[in-house]
Each structure stands twice: as C-alpha cells, then as structure tokens.
Amino acid sequence: MPRLESCTWSCSCAARGRHKTQPGDTATKAGEMLSSGSPSQASAGHGARSPGGAGSTLNWSRHLVQRSVVLFVVGAFMALVLNLLQVQRNVTLFPEEVIATLFSSAWWVPPCCGTAAAVVGLLYPCIDSHLGEPHKFKREWASVMRCIAVFVGINHASAKLDFANNVQLSLTLAALSLGLWWTFDRSRSGLGLGITIAFVATLITQFLVYNGVYQYTSPDFLYIRSWLPCIFFSGGVTVGNIGRQLAMGIPEKPHND
C-alpha cells in the first residue's frame, strides 16, 4: 500500500507540473508566431508606403509640366509684343520676307523666347531651394504684375526715348533695371542669375546678328545696342519672379531613400 500511494502521488504531481507549464508554452508559441509574422507585416507596410511615394512623384511632375507650359506661353507672348515695338521703331531689322508675318516677327522668335522663359522660370526657384534661401520678398501676384509692367516700360523706353548717344540711354536703362531688381527681388541669387542671363543672352544675340539672322540699327556694342544686356537682365528678373510665384504651394520633390 505505501508503494501504491507513493506512485499515485508522484503521478498526480507530474500531471500538475504539465498543467503549470502549458501557459508558458503558449506564450512562447505566441511569441514565435509574432516574430515569424513581423517580416510579412513589414513588407506589407513597405508595399503600402510605395503607392504614396509614387503618387507624390506623379503630383510633382504634373506641377512641373504645368509651370513649364505657363512660362512658355508667357515668354512667347511677351516676345511677340515687345519685339513688335522694337520693329515698329526700326530698332530691330528682320529680312523683308519676315515683315508680313505675324506681329512682324520671325517664326523662331516666340518658341525660342518661350523656351528660354520656361528654363529661367524653373531655374530661379530651383536655385533658391539649392541654396537653402527661399525667396519670400513680396511674394504675391500683385507684385509680380507690377514687375511685368515695369519691365514692359523699360523695354518701351529703350525704343521710345531719344538721348544724345546710346551710352546715356544704356546708363539710364541700367539704373532702371537695377531698380526693378531692388524693388521686386533683392536676392543675391536673383542678382547673380540676372547677370548670368544677360551675359549669355548677349553672346547668343551677337552670334545671331553676326551670322545675318537679323540686325540692329546704329550698333555701338560690337553688333548690337549697348543697352540690350539691361533688357535681358530685367527680363530675367521678371520671369524669375513669375517662376517663383508659380512654385509657391507646390509639393516638394520626393527623395528616394
């Protein structure tokens, strides 16, 4: 009998031991299941984030195309109107077969000026972002429209004002162009880009006139007028302001990590 009782007691203790260890085994198995399921959950989360990144890229690209089209149209229209004024005042001379065309301008003037306006208008906010100096001075459409009006006035003055010589006219337009930059821009990047645009555009114009594409009356700066860089400078500042205003409120370009 003592042996039977001791055997029964040992069996009951072993059974209770097995029942006590079951919760621990359950927790261990649950932890293993969670750990094994985490990679799939992480991959699912990564897959859920990727459509959002693609949507941001698509949205940014759409805004870029829209800004480019607007800048192109503005540049082409301003080129037609301002070039018409220069032709009427006999400042710019095109071949005779061109005079009968639209706005008395060569066919290549609007698309070239439109493309240049799109590049310059996109370049200004890009340089601001690269330098970490967002331009916030007078960022409103009313200021942009006043800047356009002043630029048109400077171009009008270059054709209408009569001075004793081109040097006096060039100095006057230079002062007006710097005044336009100071009134509507005042940024170092805007000043640097305006000077660079004036230099590059002047070189291109010299090349075109040298090859007989068109010509200027009374040239005093190699093949062109000495005040022409002032027009390019003020035009670059004006288009840059338009590009900056269009760039306000658009989503930033997504980065690929």
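All of these numbers come straight from a predicted model, not from anything done at the bench.

So, on to the side chain of Ser143. Among the structural elements, Ser143 can be located in helix H4 (residues 141–160). What makes Ser143 buried here is its relative accessible area of 2%. Excluding residues within four positions of it along the chain, Ser143 makes contact with Lys138 and Phe184.

Tallying each qualifying case throughout the model produces 3 salt bridges. Where Arg244 meets Asp128, a salt bridge forms, and the shortest distance between an N and an O atom there is 2.7 Å. Taken as a pair, Arg244 in helix H7 (residues 228–247) and Asp128 in helix H3 (residues 109–131) lie far apart in primary sequence, 116 residues in all. Judged by its relative accessible area of 4%, Arg244 is buried. A relative accessible area of 6% places Asp128 in the buried class.

Attention now goes to the side chain of Asp128. Of the polar contacts made by the side chain of Asp128, one reaches the side chain of Arg244; its length is 2.7 Å. With residues near it in sequence (within four places) discarded, Asp128 still touches Glu133, Pro134, His135, Ser189 and Arg244.

Helix packing for two helices is described by the angle between their axes and how far apart those axes are. Look at H4 against helix H5 (residues 166–184): their axes get within 11 Å of each other, and the N-to-C directions meet at 180°. One element, H4, and the other, H5, form an angle in the roughly antiparallel class. Facing H4, whose interface residues are Ser143, Arg146, Cys147, Val150, Phe151, Ile154, Ala157 and Ser158, H5 presents Leu169, Leu173, Leu176, Ser177, Leu180 and Phe184. Within the contact of H4 with H5, the residues separate by chemical class into 10 nonpolar, 3 polar and 1 charged.

Quantified by volume, the largest pocket comes out at close to 1,100 Å³. Among the elements of the structure, helix H1 (2–88), H3, H4, helix H6 (188–210) and H7 are those that each provide at least two residues to the lining of the largest pocket. Per-element tally for the lining of the largest pocket: the top contributor is H3, with 9 residues. Taken together, the residues that form the lining of the largest pocket break down as 27 nonpolar, 10 polar and no charged.

Okay, the packing of aromatic side chains next. For the structure shown, the criterion picks out 4 aromatic pairs. Through successive ring pairs, a cluster of aromatic residues spans Trp108, Tyr214 and Tyr216.

So, about unusual backbone geometry. Here the phi dihedral of Arg186 falls at roughly 65°; this positive angle occurs in a residue that is not glycine. Here Arg186 lies in the loop between H5 and H6. A positive phi is found at Leu222, a non-glycine position, where the angle reads about 60°. Structurally, the position occupied by Leu222 is in the loop between strand E2 (215–216) and H7.

Another point: the nonpolar core. Grouped together as the largest cluster of nonpolar side chains are 33 residues, with contacts concentrated most on Leu173 and Leu180. Of all the elements, H7 adds the most residues to this core, at 8 residues. In this structure, Leu180 is in contact with Cys147, Val150, Phe151, Ile154, Asp185, Ser234, Val237 and Thr238, ignoring residues within four places of it in sequence.

Reading guide: rules and limits
- Residues numbered from 1 in each chain as written.
- Predicted model: local features only at pLDDT ≥ 70, side-chain atom pairs only at ≥ 80, totals over all residues.
- Heavy atoms only, no water.
- Helix = DSSP H or I, 4+ residues; strand = E, 2+ residues; numbered from the N terminus.
- Buried < 20%, exposed > 50% of the residue type's maximum accessible area, 1.4 Å probe, protein only.
- Contact = heavy atoms within 4.5 Å.
- Salt bridge = Lys/Arg side-chain N within 4 Å of Asp/Glu carboxyl O.
- Polar contact = N/O pair within 3.5 Å; in protein donor to acceptor, adjacent residues only side chain to side chain.
- Axes fitted to C-alpha atoms, helices over the stretch in contact; angles between N-to-C directions.
- Parallel < 35°, antiparallel > 145°, perpendicular 65-115°, else oblique.
- Nonpolar A, V, L, I, M, F, W, Y, C, P; charged D, E, K, R; others polar.
- 1 Å grid on protein atoms, 1.4 Å probe; cavity = no way out; pocket = protein on both sides within 12 Å on 5 of 7 lines; lining within 4 Å.
- Points joined across faces, edges and corners; volume = space filled by probe spheres on them.
- Phe/Tyr/Trp six-rings, centres within 6.5 Å; stacked < 30°, edge-to-face > 60°.
- Core = buried A, V, L, I, M, F, W, Y, C linked by side-chain atoms within 4.5 Å.

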